[in-house]
Number of protein chains: 2
Amino acid sequence: MSDERPFRSIHQLGYSNLLDLFSSRSGAESRKYLHGTEESSGVMEFPERESADQLLLASSGIYLEGVHFDLSYSPLQHLGFKLMTAVASKLYAMNGEPVSAQIDLALPNKVSVEMCEKLFDGFDKGGELYQCNVIARDMTASRHGLIISVHMQGVADRQDLITRKGAQAGDQICVTGDVGGAMAGLRILLREKKAWMETGQDTFHPDLEEYSYVIERQLMPRTRNDLKEAFTSADVKPTSMIELSKGLLNEVQLLAAASEIGCELFLPAIPVALETRQVADEMKEDVDRYACYGGEDYEMLFTLQEGDVEKLQTSFEDFSVIGEIVDRDEGIRLNAGDGSPLDIDNLN
Amino acid sequence: MSDERPFRSIHQLGYSNLLDLFSSRSGAESRKYLHGTEESSGVMEFPERESADQLLLASSGIYLEGVHFDLSYSPLQHLGFKLMTAVASKLYAMNGEPVSAQIDLALPNKVSVEMCEKLFDGFDKGGELYQCNVIARDMTASRHGLIISVHMQGVADRQDLITRKGAQAGDQICVTGDVGGAMAGLRILLREKKAWMETGQDTFHPDLEEYSYVIERQLMPRTRNDLKEAFTSADVKPTSMIELSKGLLNEVQLLAAASEIGCELFLPAIPVALETRQVADEMKEDVDRYACYGGEDYEMLFTLQEGDVEKLQTSFEDFSVIGEIVDRDEGIRLNAGDGSPLDIDNLN
């Protein structure tokens, strides 16, 4: 029963390409599937529904200790909350909203019941903020580290649905809040952890008061559950949207691929918090790298028809215009502000 | 940031109790949650729906290499199919049906793209049988073994929904198909694997022809997607239902706890295939243990009001009456057929 096909490593192919490979599989013809699977969430028609104005959304994430989180500096309540943010962001990115969250856990021996309680305190806090129930579903044993699978169901009104497709040349590229903060927080936490490990002390209690903004961005990020109302109030509908989970340039690429367009980004316009700049300075690192490549901000990237930018600003201010959609053959360009294009070839 | 609460091990508490502990958490009041979380699937009301005749179901499972499956004797296509069966069974147990399945994978280096393809061939085969789309969602790296998270959304008509609650004294306890076969298959596979490891050969190609029935029960189990129609045709509605995933007696206990009743089971009435008996004989083991404790059959256990047994038999024959619901204070009793009660204290 061994595998006789050739070995092609997933690392060679890349996770994103792997996902593409399996994103459009068969399935019974009797169930309609509305949108492409390159979206943030799966989008389904309801079978046998009389009113066809609502769509079912499903999103998920699987998170492994040692790969996605480090319990030495991630308090469990914060971790639970953060993973709710991560998965909810995929529903909000479709302009939908969560209905219910399910949690599956695979637990190693070192995790106690009390630790699970803390984790669920965090899930619940996310459930309160994102207005959804939290249900523990599958609990099982793990031989290597804690594994957390979060899946959410959501709904979106058909006419409100926004996907990664739909951006057109001339649209303005917008981003909410500021970016790079979560990466700045991670850099500080990793530095403190390294220093702590060198001391050989048992417990890790760094004084991070002066870094509270970026630490909170890393450990307890919130996602944008305020956009749907803002769009409705301003009577605008973005032409495309995507959540910022793996880094601004990564998400711009995904949006460009889905919409079949190019992007020109103005580096000086990308919003970065003062606290994030200070960390980059302290670490002697380039803050533009934090802004462009730093993940886990869970802000939203969306595109607006040109006239809609001002319309949105009348009711909602927490966003910045960072670039413009261009023709596909122009590719993705990063403009440093002096007109010179920057090299973004080494994007990973 | 260390954990200061006392350490209570999950092993001490038990996974089932752990699940209970976290099954009824808060969540925003604005979202209604219809049923208890001791059910096979989460059951949600749709927010802002005009027609309230349909409910949303969500079920899931997380499966780890080395804990839930062994790739040395589980071909990947079969594994994909089996996990679809496992999760779909939780929706069918509510008398609902799947709409969509999402797959998250955490992949160790040893897993190739081609191996993923085989796995998805299996998921797709499950999607065809259970009439749902299959969507790859989250793909990530694993440092230790393959991890597969399957989650499904489904729907049930409100008046058709069946839960674990509702069984009443006098109801007949029914089980579909036969039980213990998957465990018999596992016993053979483990024996062959042991023999193979002792030979030191590279590849594992046992001749299992004579055990094909039980091997298929273990590696490619199907669940009962034929019951809803059978109930409708016969115009009966079970008072409770649960899928057989961890073993008959385990599921009887869960149903008894949810319905707050007792059960008397007649051991000679529990349906066991001839092939399963032959394996038990060959292994010099007690076939009743396979039948009572063997998991992964994915048959259904349900309870019918007494008059409904005959009604169902007119349109559907593949079930057996194996006992009767009794008062709660009578507990769970296993009757050996000669009137003597069997000891089921050591149930785990």
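Residues numbered from 1 in each chain as written. Chains lettered and ligands numbered in written order. Predicted model: local features only at pLDDT ≥ 70, side-chain atom pairs only at ≥ 80, totals over all residues.

Engineer: Please explain unusual backbone geometry as it appears in this structure.
Structural biologist: A negative phi holds for most residues other than glycine; trans holds for most peptide bonds. Phi angles above zero are rare outside glycine, and Gln131 of chain A is one such case at about 60°. Secondary-structure assignment places Gln131 of chain A in the loop between α4 (113–129) and β4 (133–141). Non-glycine residue Lys284 of chain B carries a positive phi angle of around 55°. Relative to the helices and strands, Lys284 of chain B resides in the loop between α9 (274–282) and α10 (287–293). (Helix = DSSP H or I, 4+ residues; strand = E, 2+ residues; numbered from the N terminus.)

Engineer: For this particular structure, what's the right way to read the pairing of strand β6 (residues 172–176) of chain B?
Structural biologist: Both faces of the sheet carry side chains from a regular strand, because those side chains alternate between them. Residues and elements named next belong to chain B. Burial of β6 is extensive: five of the five residues sit out of reach of the surface. Neither face of β6 is exposed, since Gln172, Cys174 and Thr176 on one face and Ile173 and Val175 on the opposite face are all buried. By the bridge criterion, four bridges tie β6 to strand β9 (residues 300–304) in an arrangement that is antiparallel. Following the sheet pairing, Gln172 is matched in β9 by Leu304. In this sheet, strand β10 (residues 319–326) lies alongside β6 in antiparallel orientation, the contact comprising five bridges. Residue pairing across strands places Val175 opposite Ser320, the latter belonging to β10. (Buried ≥ 20, exposed ≤ 12 C-beta atoms within 10 Å, placed from the backbone. Pairing = 2+ DSSP bridges.)

Engineer: Sorry if this is basic, but what is going on with the nonpolar core here?
Structural biologist: The nonpolar side chains of a soluble globular protein tend to be buried, and buried together. Met84, Ala101 and Leu301 of chain A together with Met84, Ala101 and Leu301 of chain B are the most contacted members of the largest nonpolar core, which has 188 residues in total. Apart from residues lying up to four places away in sequence, Ala101 of chain B is in contact with Met84, Phe123, Gly127, Cys132, Asn133, Val134, Ile135, Val150 and Met152 of chain B. (Core = buried A, V, L, I, M, F, W, Y, C linked by C-beta atoms within 7 Å. Contact = placed C-beta atoms within 7 Å.)

Engineer: What is the right way to read the confidence of the model for chain A from this model?
Structural biologist: Close inspection of predicted coordinates is inappropriate in any region flagged by low pLDDT. All names here are of chain A. Per-residue pLDDT for chain A averages 87, and the proportion of residues at 70 or more is 85%. Scored below 50 in pLDDT, residues 26–37 shows 31 contacts in the model against residues more than four places distant or in partner chains. Among the scores for the predicted complex, ipTM is 0.85 and pTM is 0.88. (pLDDT = per-residue confidence, 0-100.)

Engineer: What should I look at first to understand helix α8 (residues 248–259) of chain A in this one?
Structural biologist: Two residues of an α-helix separated by three or four positions point the same way, owing to the 3.6 residues in each turn. Residue and element names in this part refer to chain A. The end-to-end C-alpha distance of α8 is 16 Å, a good match for the 16 Å that twelve residues give at a rise of 1.5 Å each. Within the sequence span of α8, burial applies to Leu248, Leu249, Glu251, Val252, Leu255, Ala256 and Ser259. For α8, the angular spread of the buried residues around the axis is 160°, confining them to a single face. Along its buried surface, α8 packs onto β7 (240–243), β8 (262–266), α10 (287–293), β9 (300–304) and β11 (332–335). Two residues or fewer after α8 comes Glu260, characterised by a positive phi angle close to 60°. (Expected span 1.5 Å × (residues − 1). Arc of directions from axis to C-beta.)

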